[in-house]
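Given next are the chains, with one letter for each unit.
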Amino acid sequence: EAGVTQFPSHSVIEKGQTVTLRCDPISGHDNLYWYRRVMGKEIKFLLHFVKESKQDESGMPNNRFLAERTGGTYSTLKVQPAELEDSGVYFCASSQDRGRVNSPLHFGNGTRLTVT
Amino acid sequence: AQSVTQLDSQVPVFEEAPVELRCNYSSSVSVYLFWYVQYPNQGLQLLLKYLSGSTLVKSINGFEAEFNKSQTSFHLRKPAVHISDTAEYFCAVSEADGAGGTSYGKLTFGQGTILTVHP
């Protein structure tokens, strides 16, 4: 099966610009997660979709971040306007079954965002 | 809320030597425990996990970790490492809210340990 795919792999933008990251989960996976790793820090949870619904968005840093998952397939994470502290690697992960604890997370390779 | 501490940011070892990567966690509720590995230019891959039952869990490539509830630890070990084990390793926990729960994929990660295996 195809894995979790993230686009782009790298993005360099200027402060104040807008960037949209995309994640294509594994087909049939209802759960989709976004995580972020800021340079030198730990990987942190941002939010969790179950199909098209936001299950938990407690990790979203502020209202400059907007995540969507229209139709319950791919997801986008938009940062508008981008700030310097938004630089980092953004990971997407998906899993199959909501309540089954043995359903592992599959991670994408991440998008490295650099805001200058 | 949970927190995870990986005590070593970098661990250099020689090939065929044993290695231990340390992980301690803090939580007010029961947790599931995980080790993930990230090879260069790749995403995170699940190495092994503890959900319940036997406290010693093993991966297919020779790593093992033991859940120690009294010490709140989940250290990762391998008796003899290879060059190909060079990677960054992440310890993580999630709330153990059982079947039907929604917290399984909401992971709290440690800061990561870079394992470098030298020839």
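Everything discussed here concerns the structure shown above.
Residues numbered from 1 in each chain as written. Chains lettered and ligands numbered in written order. Predicted model: local features only at pLDDT ≥ 70, side-chain atom pairs only at ≥ 80, totals over all residues. Heavy atoms only, no water.

Examining the pattern of salt bridges
Residues and elements named next belong to chain A.
Line of reasoning, step 1. Applying the stated criterion across every chain yields a total of 11 salt bridges over all chains.
Line of reasoning, step 2. Salt-bridge contacts for Lys54 lead to Glu57; the nearest nitrogen and oxygen are separated by 3.9 Å.
Line of reasoning, step 3. You can call Glu57 partly exposed: its relative accessible area is 43%.
Line of reasoning, step 4. Note that Asp86 is salt-bridged to Arg64, the shortest N-O span being 2.6 Å. Of this pair, Asp86 sits in the loop between β8 (75-79) and β9 (88-95) while Arg64 is found in the loop between β6 (53-56) and β7 (65-68), placing the two residues 22 residues apart along the sequence.
Line of reasoning, step 5. Asp86 sits in the buried class, given a relative accessible area of 2%.
Line of reasoning, step 6. One network of salt bridges, in which partners are shared, links Arg36, Arg64 and Asp86. (Salt bridge = Lys/Arg side-chain N within 4 Å of Asp/Glu carboxyl O. Buried < 20%, exposed > 50% of the residue type's maximum accessible area, 1.4 Å probe, protein only. Helix = DSSP H or I, 4+ residues; strand = E, 2+ residues; numbered from the N terminus.)

A closer look at unusual backbone geometry
Line of reasoning, step 1. Note the cis peptide between Phe7 of chain A and Pro8 of chain A, where omega equals -15°.
Line of reasoning, step 2. As for its position among the elements, Pro8 of chain A is in the loop between β1 (5-7) and β2 (10-13).
Line of reasoning, step 3. Even without glycine at this site, Glu16 of chain B takes up a positive phi of about 75°.
Line of reasoning, step 4. Classification of Glu16 of chain B by relative accessible area gives partly exposed; the value is 49%.
Line of reasoning, step 5. Positive phi, normally seen in glycine, also occurs at Thr72 of chain B, with a value near 45°.

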